[in-house]
Amino acid sequence: MTAVAEPSAREPAGRRLAGFLWRRPRLQVGLLLAGPLGWLVIAYLGSLAVLFVAAFWRLDPFSGEVVKEYGIQNFQTLVENDVYRRIVVRTVLIAAAVTVTDVLLAFPIAFYMAKVASRRTRALLVVAVLMPLWSSYLVKVYAWRIILQENGILNWALDPLGISGPGFGDVATWLVFSYLWLPYMILPLYAGLERIPDSLLDASGDLGGRPGHTFRRVILPMALPAMLAGSIFTFSLTLGDYITPQLVSSTQFIGNVVYANVGVANNLPLAAAFATVPVVIMVVYLLVARRLGAFESL
Amino acid sequence: MYLTPATRRLLRAGTALTLAFIYVPLVVIAIYAFNPRRTLGWPTGGVTLEWFDRAFHNPGVRDALWTSVRAATGATAIALVLGSLAAIAVARHRFFGRDTISFLVVLPIALPGIVTGMALNATFREVLSPFGVGLGLFTVIVGHATFCVVVIYNNAVARLRRTGTSLEEASSDLGADTWQTFRRVTLPAMTSALVAGGLLAFALSFDEVIVTTFTAGSQQTLPIWILTNLSRPNQLPIVNVVGVLVIALSMIPVYLAHRLTAGGQSGPAATPPLAE
């Protein structure tokens, strides 16, 4: 074996260290985890903690400086201010609409991939759905901006029918979000449908269940956790986005307010307080999803 | 399973419709990259390669591309080390809090990007700026590495679980020490999973906008360059070309990563980051 031919000068030390570690599995785990945990806990969780603390600071209205005294005035502003409440409601409603749209669009292709397509077609379709999932988010939004603009391709295609496209606004935002997150719904749904044994569907048919009946009583309940798993993406991604609304509408979403307060207004405390809203919504959503068994489908 | 011909036709139509919905915008942007006109009206007026030439010689685009490549390389390198260490610890050892690790690794990508971006931004400003470290390439790499760890970790853990420990045990029985076993048995078994994960991490970092806007300062990555130039009408033809370039550059690694891992039974590597 080549191992014998290793330079023998540093081998004893290396071997001694190896033996030393072998006898101390806890130390081994410690050394393995020191880097990743150090990074994620210090750089990431530490940052989240800073953000959370910053939510209780305030901005001096005259000097524009952040005052590091603690109080809940930012949260009061959020609850009492009409505009902020409306923005939260709008964001959550669009996120919900996007989720429903993506379920409807994803179901046929996911079912086709899982139960109808041949092995070859299935592999092709998986790649066809995967590649756009990872390809540039910004370019995709920009493509929609070109499509939806006044003299764009959509209005050109609809013109002979005497109608025109939605233009920029909430409808455009809904459409573009649905487009962006669709692959995130298709893939878990496909995996979930593939796990339903064919024999169950056949059994339902043999027992007299018509296709519609089988769909409602067998497929839908069994695919529900997978749909919820996909909806975690569609929901979370919509709640945290600020670039799409900025590019295809002039309305504000949670992300826009946060971004404007960090950048233009330089009001980090208020931005931090508002950023806790999507986090709280997502935590509640994740807890509900876990109760309904979505985590096994992730 | 049995489906009526009508149902089959409906499913096929639905599949075709969804695929068209996914790909039409990408095709549209590709057509615009060859548009000889400066305006974005449809239909475009013919075919030209002029803008590819201009984009290629545009110093802003070149700088941004170089910054993006450096950021993605740095973030991928860090993520490869951190992700595989965590994966080996989780897949090969038992310890208190093991289940928490997966959760912790997933968190940076499961929380809305704006939260991650702001949190890092606040920390960099509070903690790093007293030491004279401003926002720039370094902070971009730190931010990207944080959410890239999960892709490497997921791929490596899946591979380690699938290969099992019997080969490693055989190696120690034959007298190899920990390092030799790692170098000659564990690492070769992980390589293709790590390459696939690395490609995905690179693609993820190369495309990222939201966290980057909070951590880049005055540095421009390619997506940031696109975002800034969207509001400059005379730059739009070049933006179209850069857009096509970015789509191609991010699809190729994903395709390769999928090919690298598709041979195994336990699912593709490039499933969404949360999907383990």
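Reading guide: rules and limits
- Residues numbered from 1 in each chain as written.
- Chains lettered and ligands numbered in written order.
- Predicted model: local features only at pLDDT ≥ 70, side-chain atom pairs only at ≥ 80, totals over all residues.
- Buried ≥ 20, exposed ≤ 12 C-beta atoms within 10 Å, placed from the backbone.
- Helix = DSSP H or I, 4+ residues; strand = E, 2+ residues; numbered from the N terminus.
- Contact = placed C-beta atoms within 7 Å.
- Core = buried A, V, L, I, M, F, W, Y, C linked by C-beta atoms within 7 Å.
- Domains from an automatic or database assignment.
- Axes fitted to C-alpha atoms, helices over the stretch in contact; angles between N-to-C directions.
- Parallel < 35°, antiparallel > 145°, perpendicular 65-115°, else oblique.
- Nonpolar A, V, L, I, M, F, W, Y, C, P; charged D, E, K, R; others polar.
- pLDDT = per-residue confidence, 0-100.

A.B. asks: Is there a simple way to think about helix H12 (residues 254–262) of chain A in this case?
C.D. replies: In terms of burial, H12 of chain A is a largely internal element, 8 of the 9 residues being buried. Residues of H12 of chain A that are buried include every one of Ile254, Gly255, Asn256, Val257, Val258, Tyr259, Asn261 and Val262 of chain A, and no others. In this structure, the buried side of H12 of chain A is in contact with helix H4 (82–116), helix H10 (211–239), helix H11 (243–248) and helix H13 (268–291) of chain A together with helix H5 (113–128) of chain B.

A.B. asks: Hey, could you run me through the nonpolar core in this one?
C.D. replies: In terms of nonpolar packing, the biggest core is built from 171 residues, with Leu189 and Val258 of chain A together with Met118 of chain B touching the most fellow members. Both domains that furnish three or more residues to this core are identified here as domain 1 (11–47) and domain 2 (82–297) of chain A. Among residues more than four places away in sequence, those in contact with Met118 of chain B are Leu51, Val258, Val262, Ala271, Ala272 and Ala275 of chain A together with Phe214 of chain B.

A.B. asks: Just checking my understanding: could you explain the packing of helix H2 (residues 25–54) of chain A against H5 of chain B for this structure?
C.D. replies: Helix-helix packing is described using two parameters, namely the angle between the two axes and the distance between the axes. In the contact formed by H2 of chain A and H5 of chain B, the axes pass within 8 Å of each other and the chain directions differ by 85°. Put simply, H2 of chain A runs roughly perpendicular to H5 of chain B. Between H2 of chain A and H5 of chain B, the residues in contact are Gly46, Ser47, Leu48, Val50, Leu51 and Ala54 of chain A and Met118, Ala119, Leu120, Ala122, Thr123 and Glu126 of chain B, respectively. Across the contact of H2 of chain A with H5 of chain B, the residue classes tally to 8 nonpolar, 3 polar and 1 charged.

A.B. asks: I keep staring at helix H10 (residues 222–229) of chain B and nothing clicks. Help me out?
C.D. replies: Owing to its 3.6 residues per turn, the α-helix brings residues three or four apart onto one side. Buried residues dominate H10 of chain B, accounting for 7 of its 8 residues. For H10 of chain B, every residue scored as buried is listed here: Leu222, Pro223, Ile224, Trp225, Ile226, Leu227 and Asn229 of chain B.

A.B. asks: What am I meant to see in the confidence of the model for chain B here?
C.D. replies: Low pLDDT marks regions whose predicted coordinates should not be analysed in detail. The predicted model of chain B has a mean per-residue pLDDT of 84, with 94% of residues at 70 or higher. Taken element by element, the predicted model of chain B shows its lowest mean pLDDT in helix H4 (residues 98–110) of chain B (80) and its highest in helix H3 (residues 59–92) of chain B (92).

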